[in-house]
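Next come the chains, spelled out residue by residue.
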Amino acid sequence: MKPTSKELLEAVSKHCYNELTLYKFNTATLHISDKYREGRLTALEYLTELTYYYLQEEKKIGEEFKQQISKQLKRYDCLDDTEYKRGLYDALNVVLGL
């Protein structure tokens, strides 16, 4: 099964933090040039910031989704109190409560 976008971002974030620790603090056992280390750290810091940004965006999706449902509820507020309106409200409110 394919991982969700959140699971992918969390895995990338965890990997980057592990690698950052390795390349920042393990100067004696890693046999690499300072330039390579600098390039690696720059890329890892960029990836860390990018994954943080997209994790924050992912959190916003739930809020935006519920805002759209609330807008729809307000949109149908002007309808007469009928079975149709109650059906709409019941379905929308169930999802809004999730």
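Above this note sits the structure.
Below you will find a few notes about this structure. Quick caveat, the model's predicted, so the values are computed rather than measured.

A word on the packing of helix α1 (residues 5–25) against helix α2 (residues 34–75). At their nearest, the axes of α1 and α2 sit 9 Å apart, and the two run at 150° to each other. Relative to α2, α1 is oriented roughly antiparallel. As for how α1 packs across α2, the hand of that crossing is left-handed. Counted together, K6, L9, E10, V12, S13, C16, Y17, E19, L20, Y23 and K24 of α1 and Y36, R37, R40, L41, L44, E45, L47, T48, T51, Y54, L55 and E58 of α2 form the full contact between these two elements. Residue composition of the contact of α1 with α2, by class: twelve nonpolar, three polar and eight charged.

In this section: the environment of Y89. Looking at the element boundaries, Y89 is found in helix α3 (residues 83–96). Counting along the chain gives 20 residues from Y89 to I69, while the straight-line C-alpha distance between them is 10.0 Å. From its side chain, Y89 meets the backbone nitrogen of D77 in a polar contact 3.3 Å long.

What counts and what doesn't
Residues numbered from 1 in each chain as written. Predicted model: local features only at pLDDT ≥ 70, side-chain atom pairs only at ≥ 80, totals over all residues. Heavy atoms only, no water. Axes fitted to C-alpha atoms, helices over the stretch in contact; angles between N-to-C directions. Helix = DSSP H or I, 4+ residues; strand = E, 2+ residues; numbered from the N terminus. Parallel < 35°, antiparallel > 145°, perpendicular 65-115°, else oblique. Left-handed = near helix turned anticlockwise from the far one by under 90°. Contact = heavy atoms within 4.5 Å. Nonpolar A, V, L, I, M, F, W, Y, C, P; charged D, E, K, R; others polar. Polar contact = N/O pair within 3.5 Å; in protein donor to acceptor, adjacent residues only side chain to side chain.

Geometry only, nothing functional implied.
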